[in-house]
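Understanding the architecture of this molecule
In case you want the letters, here they are:
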Amino acid sequence: KYEAHFSKHATYIVDEMLEQLLQGDAVSPIALQRALSHMGWNVKDSYFCVLAHQSNSTSYPDVFLIPTAETLCDIVPHTMFSITDGSILLVSNLTVSGLHPTKVCEPLVGMLRKRGLDMKLGVSTPFSDFSYVRYFFDQAHEAIHLGERIDGEKPVYMFHDYILEA
């Protein structure tokens, strides 16, 4: 079960739609665009996902992660989050924020360390259709899985580092 939240400027409807998309359910494109537009977002904006995942040796309850996720969203403007199974998923709007995924990770890692949280970050490739957020959540998760196996212990694993060239 996913529990979606928006940082400060979100609406309940967008939270619900994010939950539905992460669960693989269909969402009306028109309703999604209407909900995102209330936040100044567009379905076709550029986005990326960051998954903050607990190491195997730690276990933070989901309720403990909500204030952490809110702080992460304060660091990365124009971001919403979802909490599930001890992980925090950040979905950031690159079009509105003007940020680049590689510039975002360093302050996130710093904040997690400052709070003493043993979490790794998996980062998806940028994408340009919010309705595909589930696929890019999976990329962020896979970046951690592959990164730990290939590169060992690192604080950040970028999915594009593990893509095989065709």
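Here's a quick rundown of the structure. (Residues numbered from 1 in each chain as written. Predicted model: local features only at pLDDT ≥ 70, side-chain atom pairs only at ≥ 80, totals over all residues. Heavy atoms only, no water.)

1. Re the side chain of S124
Along the chain, the position of S124 falls in the loop between β5 (119-123) and α6 (133-151). At a separation of 2.9 Å, a polar atom in the side chain of S124 contacts the main-chain amide nitrogen of C49. For S124, the residues in contact, after removing those within four places along its chain, are F48, C49, F136, Q139, A140 and F159. (Helix = DSSP H or I, 4+ residues; strand = E, 2+ residues; numbered from the N terminus. Polar contact = N/O pair within 3.5 Å; in protein donor to acceptor, adjacent residues only side chain to side chain. Contact = heavy atoms within 4.5 Å.)

2. A word on the environment of I13
Relative to the elements of secondary structure, I13 occurs in helix α1 (residues 12-22). With relative accessibility at 49%, the residue I13 sits in the partly exposed group. (Buried < 20%, exposed > 50% of the residue type's maximum accessible area, 1.4 Å probe, protein only.)

3. What to know about the pattern of salt bridges
For the structure shown, the criterion picks out four salt bridges. Where K44 meets D129, a salt bridge forms, and the shortest distance between an N and an O atom there is 2.8 Å. A residue pair is termed long-range when its members are at least 10 positions apart, and K44 in the loop between α2 (29-37) and β2 (47-54) and D129 in the loop between β5 and α6 qualify at 85 residues. Note on D129: relative accessible area 12%, which makes it buried. Across the salt bridge formed by K154 and D151, the nearest N and O atoms sit 3.7 Å from each other. Judged by its relative accessible area of 37%, D151 falls in the partly exposed class. (Salt bridge = Lys/Arg side-chain N within 4 Å of Asp/Glu carboxyl O.)

4. Describing α1
Since there are 3.6 residues in each turn of an α-helix, residues three or four apart along the chain are aligned in direction. Residues V14, D15, M17, L18, E19, L21 and L22 constitute the buried set of α1. Taken from the residues just after α1, G24 is the one with a positive phi, measuring 85 degrees.

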